[in-house]
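Given next are the chains, with one letter for each unit.
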Amino acid sequence: MIYLMQYFSLFDSFGTSIQLRGYKGQTQQKTIIGGITTITVYTLSFCYFIYIMVLWQIGDIGPQVSKFNAVQNFSIYQTGDQSLLDLTFTQFQQHLDPFDEKNIILLPLLIYEIQGKQQVPINMLKNTKVSQFNSTQIQTKNLTLILSNNSDGYKQQDATIVIVDCEDKYLLQNQSCAKQELVDKFKSLADSIMYYNTIQTYNTKLKQIQTVQRKQYLSFEYTSSYNLYMQLNTANLNVEDGLLFQNLNSFKYVDDISFMNQVNSKEYNIKSLGYNYYFCFVLKLSPLVYEVDIRYQNLGQIFAMVGSIASVLMSVGILIEFLNGYYQDNILIYKILQQYFPNKIQINEIGQIINISGLQDNSQIQKLQELADSKLNILNIIYQISRIELFLIYKFGQNELLSANNFIIQTNQFEESQEMTSLDTKKFYIEDMDVFQNQGIQ
């Protein structure tokens with residue numbers, strides 16, 4: 001059973017390397033500059049992480065946005081509660097509201113055209129609110145526009161808004177046309193119609209669709225009519241804003257409106273549209289559509305962003321590792337030579353030997369460093385141990401050497417001797433090991 005359990009250890013993928021211990025149990029060479037650099041790098045990385053997280057929380061990290069134009073053959077757009085076009089009159093000299101339901105002077109009519117055929121006109125005075133001029137403001141809510149090339153049975157559907165003289169046949173309950181005296185008074189005054197066209201845009205910071213109203217004025221004249229053709233450019237928006245996983249939201253809105261205007265005579269209007277109108281607003285869907293994809297940074301991408309910067313900062317560690325290795329080599333050479341020249345060697349901050357007392361020739365110092373460096377070679381270490389073993393066998397015999405395996409060091413017999421640490425530097429050039437012999441140093 002024990003052997004079976006030991007067999008399982010062969011499959012351990014989380015083993016650690018067996019390393020020699022250095023000073024105070026350390027397995028790596030560490031320096032002050034390396035410690036300062038490590039603390040600095042980790043501090044900067046953590047501060048940058050906090051900075052990025054704050055920017056991400058308040059929405060100052062911009063999302064990835066891709067936008068391209070496409071041509072669509074079929075599209076349905078419904079305004080819902082959002083008014084696409086608002087109309088109101090501005091009377092600055094004397095307040096007269098032509099859209100007052102009790103005294104209607106001008107009547108707005110909504111006419112759908114399905115596949116080029118006019119439908120029954122709809123009285124628009126049922127969708128109103130009070131304007132900033134304290135007059136009635138017409139709203140175009142719940143419109144349905146269709147762009148179709150007979151796709152899936154849908155037919156093309158456009159919307160036309162005309163403003164005509166009040167006629168009883170178009171009136172709803174509790175509505176009445178104004179008397180001729182009031183109509184003549186209104187026509188005698190200079191007035192203009194103001195219209196708002198509404199478009200929408202997506203605010204990437206607030207993560208919501210915002211509405212923009214553009215206001216324009218048109219002069220009111222009775223001898224001619226004003227035609228305004230409005231082509232609506234829609235946008236299909238996909239927003240991905242999941243914290244960890246995908247959370248996709250889709251929106252469709254009017255991103256822009258193209259205008260084309262034309263002034264016609266009353267006679268032409270009657271022949272072309274069949275109505276004697278003063279203003280005509282034609283609303284159509286454009287075949288051009290904007291495909292917009294917005295992808296917000298999720299938590300994983302934020303970590304990747306921070307990690308990329310941290311990896312750049314950690315590249316400083318390559319230089320520090322080189323300096324640590326260089327320092328370690330210098331210190332080992334210093335420790336070896338210190339055994340032969342105790343308290344006679346001077347080193348600088350990175351462990352380089354700058355002077356040895358009693359040696360004036362720099363070439364001798366350089367040669368000693370090369371010899372000490374060769375002692376660190378693993379082959380030289382094995383060679384020296386082998387020589388010691390051969391010496392012990394020759395001096396004491398094979399049996400005595402093998403019996404040393406059973407020796408136990410008694411605590412009361414183990415005392416530190418000064419003779420173990422004292423070396424005679426004067427005999428260095430004569431009694432040193434082979435690696436220092438025959439080097440021509442006198």
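In the block above lies the structure referred to throughout.
Residues numbered from 1 in each chain as written. Predicted model: local features only at pLDDT ≥ 70, side-chain atom pairs only at ≥ 80, totals over all residues. Heavy atoms only, no water.

Take the environment of Y48 next. Tracing the backbone through its elements, the reader meets Y48 in helix α2 (residues 32-58). Judged by its relative accessible area of 23%, Y48 is partly exposed. Spatially, the C-alpha atom of Y48 lies 7.1 Å from that of V306, the residues being 258 residues apart in sequence. (Helix = DSSP H or I, 4+ residues; strand = E, 2+ residues; numbered from the N terminus. Buried < 20%, exposed > 50% of the residue type's maximum accessible area, 1.4 Å probe, protein only.)

Looking now at the packing of aromatic side chains. Taken as a whole and judged by the stated rule, the model has 12 aromatic pairs. Measuring from centroid to centroid gives 5.0 Å for F74 and Y154, while their planes differ by 45°, and the two rings are tilted. Taken together, the positions of F74 in strand β2 (residues 74-78) and Y154 in the loop between β9 (144-148) and β10 (157-165) put the pair 80 residues apart, joining distant regions of the chain. The class for F74 is partly exposed, based on a relative accessible area of 29%. Of the residues examined, Y154 reaches a relative accessible area of 37% and is grouped as partly exposed. When the centroid spacing of 5.8 Å and the interplanar angle of 45° are considered together, the rings of F186 and F220 count as tilted. Of the two residues, F186 is situated in helix α3 (residues 180-187) and F220 in the loop between β12 (208-219) and β13 (224-240); the sequence distance between them amounts to 34 residues. (Phe/Tyr/Trp six-rings, centres within 6.5 Å; stacked < 30°, edge-to-face > 60°.)

Before going further, it helps to examine the nonpolar core. Formed by 53 residues in total, the largest nonpolar core has its most connected members in L87, L106, F279 and F281. A per-element tally of this core places strand β15 (residues 277-295) first, with eight residues. Here F281 is in contact with L85, L87, A159, T160, I161, I163, Y195, L218 and L228, once residues within four sequence places are set aside. Within the second largest apolar cluster, 13 residues are counted, among which are I333, I336, I365 and A372. (Core = buried A, V, L, I, M, F, W, Y, C linked by side-chain atoms within 4.5 Å. Contact = heavy atoms within 4.5 Å.)

So, on to the packing of α2 against helix α5 (residues 299-314). The contact between α2 and α5 brings their axes to 10 Å, and the two run at 155°. As the angle between them shows, α2 and α5 are arranged roughly antiparallel. Crossing hand, α2 versus α5: right-handed. Residues V41, Y42, L44, S45, Y48, F49, I52, M53 and W56 of α2 form the contact with α5, whose own contacting residues are L299, I302, F303, M305, V306, I309, A310, L313 and M314. By residue class, the composition of the contact of α2 with α5 is 17 nonpolar, one polar and no charged. (Axes fitted to C-alpha atoms, helices over the stretch in contact; angles between N-to-C directions. Parallel < 35°, antiparallel > 145°, perpendicular 65-115°, else oblique. Left-handed = near helix turned anticlockwise from the far one by under 90°. Nonpolar A, V, L, I, M, F, W, Y, C, P; charged D, E, K, R; others polar.)

Okay, the pattern of salt bridges next. Evaluated as defined, the whole model comprises six salt bridges. Across the pair K169 and E167 runs a salt bridge whose closest N-O atoms are separated by 3.7 Å. In this structure, the salt-bridge partner of E240 is R295, at a minimum N-O distance of 3.3 Å. Highlighted residues: E240 in strand β13 and R295 in strand β15, separated in sequence by 55 residues. (Salt bridge = Lys/Arg side-chain N within 4 Å of Asp/Glu carboxyl O.)

This part covers the state of the cysteines. Evaluated as defined, the whole model comprises one disulfide. Here C166 engages in a disulfide with C177; their sulfurs sit 2.0 Å apart. A torsion of -75° about the S-S bond marks the disulfide between C166 and C177 as left-handed. Of this pair, C166 sits in the loop between β10 and α3 while C177 sits in the loop between β10 and α3, and the two are 11 residues apart along the sequence. Here C166 falls in the buried class, since its relative accessible area comes to 17%. (Disulfide = S-S within 2.5 Å.)

Turning to unusual backbone geometry, a few remarks are in order. Phi is positive for N174, which is not a glycine, with a value near 70°. Here N174 lies in the loop between β10 and α3. With relative accessibility at 60%, the residue N174 sits in the exposed group. In this model, K207 sits at a positive phi of 60°, which is unusual for a non-glycine residue.

On to the packing of α5 against helix α6 (residues 316-340). A pair of packed helices is characterised by two quantities: the angle between their axes and the separation of those axes. Direction vectors running N to C along α5 and α6 enclose 25°, while the axes themselves pass 4 Å from each other. By the criterion of interaxial angle, the relationship of α5 to α6 is roughly parallel. Residues V312, L313 and M314 of α5 lie in contact with α6, whose contacting residues are V316, G317 and I318. Across the contact of α5 with α6, the residue classes break down as five nonpolar, one polar and no charged.

Below, the discussion takes up a nonpolar patch on the surface. There is a patch of nonpolar side chains on the surface, built from I33, L319, F322, L323, Y326 and I350 and spanning about 550 Å² of accessible area. The element contributing the most residues to the nonpolar patch is α6, with four residues. Among the structural elements, I350 can be located in the loop between β16 (345-347) and β17 (353-356). (Patch = residues over 30% accessible without salt bridge, like charges linked within 9 Å, V, L, I, M, F, W, Y side chains within 5 Å. Areas by Shrake-Rupley, 256 points an atom, 1.4 Å probe, with all protein chains shown as cover.)

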